[in-house]
Amino acid sequence: MKTILCYGDSNTWGIDYTTGGRVPFADRWPNVLQQKLGSEYHVIEEGLNGRTTACDDPFDEYPEAKNGKKSLIPCLRSHYPLDMLIILLGTNDLKVQFFTTVDQIAGNIGELVLMARKELKIRQNRIPEILIVAPVLLGDTIETSPFRAAFGGRKALAPSAALSDKLRQKAESLSCHFIDAGKIVHPNTVDAVHLSKEGHHTLGQILAEQIQTISL
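Criteria and cut-off values
- Residues numbered from 1 in each chain as written.
- Predicted model: local features only at pLDDT ≥ 70, side-chain atom pairs only at ≥ 80, totals over all residues.
- Heavy atoms only, no water.
- Core = buried A, V, L, I, M, F, W, Y, C linked by side-chain atoms within 4.5 Å.
- Buried < 20%, exposed > 50% of the residue type's maximum accessible area, 1.4 Å probe, protein only.
- Helix = DSSP H or I, 4+ residues; strand = E, 2+ residues; numbered from the N terminus.
- Expected span 1.5 Å × (residues − 1).
- Arc of directions from axis to C-beta.
- Axes fitted to C-alpha atoms, helices over the stretch in contact; angles between N-to-C directions.
- Left-handed = near helix turned anticlockwise from the far one by under 90°.
- Contact = heavy atoms within 4.5 Å.
- Nonpolar A, V, L, I, M, F, W, Y, C, P; charged D, E, K, R; others polar.
- Salt bridge = Lys/Arg side-chain N within 4 Å of Asp/Glu carboxyl O.
- Pairing = 2+ DSSP bridges.

### Things to note about the nonpolar core
The biggest cluster of nonpolar side chains holds 35 residues, and the ones touching the most others in it are Ile87, Ile130, Ile132 and Leu167. Elements that contribute at least two residues to this core include exactly strand 1 (2-8), helix 3 (68-79), strand 3 (84-88), helix 4 (102-124), strand 4 (129-134) and helix 6 (157-173). The leading source of residues in this core is helix 4, at eight residues. Counting residues in each nonpolar core, the second largest holds 22 residues, with Leu88, Val136, Val185 and Ile214 among its members.

### Notes on helix 7 (residues 197-211)
If you check helix 7, its first and last C-alpha atoms are 21 Å apart, about what 15 residues at 1.5 Å a residue would give, namely 21 Å. Along helix 7, the residues classified as buried are Gly199, His200, Leu203, Gly204, Leu207, Ala208 and Ile211. What you see down the axis of helix 7 is that its buried residues fit within an arc of 165°, all on one side.

### Re the environment of Leu85
Along the chain, Leu85 turns up in strand 3. With a relative accessible area of 0%, Leu85 lands in the buried category. Through-space distance from the C-alpha of Leu85 to that of Tyr41 is 13 Å; in sequence the pair is 44 residues apart.

### Here we look at unusual backbone geometry
Note the cis peptide between Tyr80 and Pro81, where omega equals 10°. For Phe99, which is not glycine, the phi torsion reads 55° and is therefore positive. By relative accessible area, which is 72% here, Phe99 ends up exposed. A positive phi is found at Ala192, a non-glycine position, where the angle reads about 65°. Examined against the element boundaries, Ala192 turns out to sit in the loop between strand 5 (177-180) and helix 7. A relative accessible area of 0% means that Ala192 is categorised as buried.

### Things to note about the packing of helix 4 against helix 6
Look at helix 4 against helix 6: their axes get within 9 Å of each other, and the N-to-C directions meet at 40°. Note that helix 4 runs across helix 6; the crossing there is right-handed. Mapping the contact onto sequence places Val102, Asp103, Ile105, Ala106, Gly107, Ile109 and Gly110 in helix 4 and Pro159, Ala162, Leu163, Lys166, Leu167 and Lys170 in helix 6. The residue makeup of the contact of helix 4 with helix 6, split by class, is eight nonpolar, two polar and three charged.

### Structural notes on the pattern of salt bridges
A full pass over the atoms with the stated rule returns twelve salt bridges. Of the charged contacts in the structure, one is a salt bridge between Arg123 and Glu119, with a shortest N-O distance of 2.7 Å. Taken together, the residues Arg123 and Glu119, both in helix 4 and four residues apart, mark about one turn of the helix. Classification of Arg123 as partly exposed rests on a relative accessible area of 35%. Looking at Glu119, the relative accessible area reads 8%, which means it is buried. Each of the salt bridges in this network shares a partner with another, and the network as a whole consists of Arg22, Arg28 and Glu45.

### Details of the sheet that holds strand 1
Ordered in space as 2-1-3-4-5, the five strands form an open sheet in which the pairing is parallel. The open sheet has two edge strands, strand 2 (41-47) and strand 5, and neither has a second partner. Neighbouring strand axes in the sheet, compared pairwise and without regard to direction, differ in orientation by 15° on average. By the bridge criterion, seven bridges tie strand 1 to strand 2 in an arrangement that is parallel.

### Some points on the pairing of strand 3
Taken across its five residues, strand 3 has five buried, putting it largely inside the fold. Sheet analysis places strand 1 next to strand 3, joined by five bridges and oriented parallel. When the sheet's bridge partners are listed, Cys6 is paired in strand 3 with Ile86.

Written out as structure tokens, the structure reads:
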């Protein structure tokens, strides 16, 4: 059995924009991915609302909890041995409170890749395949979204659009696999950030098709 860890934020956790709760288990993209890949794979969903690539959240009671760099090693140690690591992060770093650039976000993703390779080489004596997924683009309706203030309204649209190319370049430089989710799915028009159930299913399907071409 091949084990895949999906390391992401609220679009991996599966927040339901209509209720504020969670999208049903079968409708979240990691579990759609599991269904499409079948019983020869074990897909682990490791999503956390608000997770960043490497930023502490000053508004959280436990600021380090959402820092993807600080939580990666515990997650890897909890779930190894791994055959693939999927990283889908970067959206939350665009919030105005973090003052990060797309270059910094891509650099942080690169650090996560290097950390994972080093840690898992030690733990399981082999390096897993790594798939970097550029996040879904923020939607044009961000100005009327509940998250408008968090992202500074339309100011976040340009860096959101620019991030995919930076992540593609980072993936190429580190010999990682890459998929641009922004070219596959779009956020809902209500909050302009999160996937609909249909979006989860589409993303899970496309990722399954890509992974099936990779020798794990």
